[in-house]
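# Structural overview for review
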Amino acid sequence: MTRLALFPEVAELRHAKHEIESQFLNRWSPRSFQEKPVPETLLHRVLEAARWAPSGNNLQPWRFIVASTPDRLRAFHTFINPSNLTWCAKAPVLILVLSKTTTDKGTPARTHAFDAGAAWGYLALEAVHLGLVSHAMGGFDQEAARTTLQIPEDYAMHAVVALGYRGPADALPPERQAAERPSTRRPIEESIVDFSV
Ligand SMILES: Cc1cc2nc3c(=O)[nH]c(=O)nc-3n(C[C@H](O)[C@H](O)[C@H](O)COP(=O)(O)O)c2cc1C
């Protein structure tokens with residue numbers, strides 16, 4: 001695979017201390033989306049990437065409810081928080097990421113959330129390679145989503161992911177425009193901990 005160049009604003013704002021593949025820096029979460037559909041082949045490709053995530057006992061507990069038709073998108077819009085809807089209403093694809101909390105034997109699937117997180121990460125990275133952007137949202141009404149989409153009780157909801165083509169920052173509501181840039185991270189040393197010392 002050819003190595004992606006860093007996107008210009010990413011090169012300006014994100015600096016990895018140690019060398020890593022550019023995909024990790026190029027993935028960020030814009031809020032401005034073009035009203036342009038995502039071809040089905042590309043949608044298949046991001047979901048295929050998620051499929052190959054690792055999971056405890058290879059249970060693959062992740063599930064994806066995909067909205068890409070006007071009716072389905074409208075249904076999703078009913079349970080997304082108004083503050084998120086101000087920007088994600090234009091996204092051509094919304095994906096609710098869920099995980100099955102129990103095994104086929106009815107025992108708890110202890111790593112379901114961790115596994116679903118890995119799957120979403122894979123999806124988001126594949127999107128970068130396809131010229132797409134993704135933005136996860138935890139800000140939605142889970143109870144309303146469960147009712148609207150008839151989600152059984154043994155499935156946990158994690159995030160709604162907006163997927164599509166990046167739009168211009170000035171198409172966002174004014175209060176959102178300043179944040180339309182790649183964020184940075186705290187130093188890695190602050191994440192590597194040892195509570196025993
Ligand atoms: C599980 C999850 C929930 C999130 N919820 C929201 C949300 O409700 N609204 C929003 O605007 N961004 C949301 N975000 C986006 C984060 O704020 C964003 O990923 C974080 O600030 C890091 O920025 P980056 O993704 O551009 O690197 C969420 C991200 C994740 C992974």
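The present account deals with the structure reproduced in this document.

## Comments concerning the layout of surface pockets
- Roughly 450 Å³ of volume is contained in the largest pocket.
- In terms of lining residues, the largest pocket is bounded by 16 residues, among which His-15, Ala-16, Ile-20, Leu-25 and Arg-185 are the most central.
- Its residues assigned to classes, the lining of the largest pocket comprises 7 nonpolar, 4 polar and 5 charged.

## Here we look at the packing of helix 3 (residues 40-51) against helix 6 (residues 112-129)
- Look at helix 3 against helix 6: their axes get within 7 Å of each other, and the N-to-C directions meet at 140 degrees. It follows that helix 3 is oblique to helix 6 by the angle criterion. By crossing handedness, the relation of helix 3 to helix 6 is classed as right-handed. Across the interface between the two elements, Arg-45, Val-46, Leu-47, Ala-49 and Ala-50 from helix 3 touch Ala-119, Tyr-122, Leu-123, Glu-126 and Ala-127 from helix 6.
- Here the residues of the contact of helix 3 with helix 6 are counted per class, giving 8 nonpolar, no polar and 2 charged.

## Structural notes on the nonpolar core
- Grouped together as the largest cluster of nonpolar side chains are 24 residues, with contacts concentrated most on Phe-76, Ile-80, Leu-94, Leu-96 and Val-160.
- Among the secondary structure elements, those contributing two or more residues to this core are strand 1 (62-67), helix 4 (70-77), helix 5 (82-88), strand 2 (93-100), strand 3 (133-137) and strand 4 (155-164).
- A per-element tally of this core places strand 4 first, with 4 residues.
- Apart from residues no more than four positions distant in its own chain, Ile-80 is found in contact with Leu-85, Cys-88, Leu-94, Met-137, Gly-139, Phe-140 and Val-160.
- Counting 19 residues, the second-largest nonpolar core is a separate cluster that includes Val-38, Ile-95, Val-97 and Leu-132.

## Topic: the sheet that holds strand 1
- With respect to topology, 4 strands assemble into an open sheet ordered 1-2-4-3, the strand pairing being antiparallel. If you trace the sheet from one side to the other, it starts and ends with strand 1 and strand 3, each paired once. Across the sheet, the axes of successive neighbouring strands diverge by a mean angle of 25 degrees, strand direction being ignored.
- Sheet analysis places strand 2 next to strand 4, joined by 8 bridges and oriented antiparallel. Residue pairing for strand 4: Leu-96 is matched across the bridge by Val-160.

## Concerning the environment of Phe-33
- Structurally, Phe-33 can be placed in the loop between helix 2 (22-26) and helix 3.
- Looking at Phe-33, the relative accessible area reads 3%, which means it is buried.
- Separated by 100 residues in sequence, Phe-33 and Val-133 place their C-alpha atoms 8.4 Å apart.

## Some words on helix 3
- Here helix 3 is 12 residues long and its end C-alpha atoms lie 16 Å apart, about the 16 Å a rise of 1.5 Å per residue gives.
- All of the buried residues in helix 3 are Leu-42, Leu-43, Val-46, Ala-49 and Ala-50. Taken end-on, helix 3 shows its buried residues confined to a sector of 125 degrees, consistent with a single buried face. In helix 3, the exposed residues that point more than 90 degrees away from the buried face are Glu-40 and Thr-41.
- Looking at the buried residues of helix 3, the elements they touch are strand 1, strand 2, helix 6 and strand 4.

## Remarks on the site of the ligand
- Around the ligand, the structure places 14 residues, and the nearest of them are Arg-14, Ser-29, Arg-31, Gly-138 and Arg-185.
- Between the ligand and Arg-27 there is a distance of 2.8 Å, counted from an oxygen atom to a side-chain nitrogen or oxygen.
- Separating an oxygen atom of the ligand from a side-chain N or O atom of Ser-29 is a distance of 2.4 Å.
- Contributing elements (two or more residues each) for the shell around the ligand: helix 5 and strand 3.
- The leading source of residues in the shell around the ligand is strand 3, at 3 residues.
- Of the residues contributing to the shell around the ligand, the split by class is 4 nonpolar, 6 polar and 4 charged.

Here is what the cut-offs are and how they apply
- Residues numbered from 1 in each chain as written.
- Predicted model: local features only at pLDDT ≥ 70, side-chain atom pairs only at ≥ 80, totals over all residues.
- Heavy atoms only, no water.
- 1 Å grid on protein atoms, 1.4 Å probe; cavity = no way out; pocket = protein on both sides within 12 Å on 5 of 7 lines; lining within 4 Å.
- Points joined across faces, edges and corners; volume = space filled by probe spheres on them.
- Nonpolar A, V, L, I, M, F, W, Y, C, P; charged D, E, K, R; others polar.
- Axes fitted to C-alpha atoms, helices over the stretch in contact; angles between N-to-C directions.
- Helix = DSSP H or I, 4+ residues; strand = E, 2+ residues; numbered from the N terminus.
- Parallel < 35°, antiparallel > 145°, perpendicular 65-115°, else oblique.
- Left-handed = near helix turned anticlockwise from the far one by under 90°.
- Contact = heavy atoms within 4.5 Å.
- Core = buried A, V, L, I, M, F, W, Y, C linked by side-chain atoms within 4.5 Å.
- Buried < 20%, exposed > 50% of the residue type's maximum accessible area, 1.4 Å probe, protein only.
- Pairing = 2+ DSSP bridges.
- Expected span 1.5 Å × (residues − 1).
- Arc of directions from axis to C-beta.
- Near = heavy atom within 4 Å.
- Polar contact = N/O pair within 3.5 Å; in protein donor to acceptor, adjacent residues only side chain to side chain.

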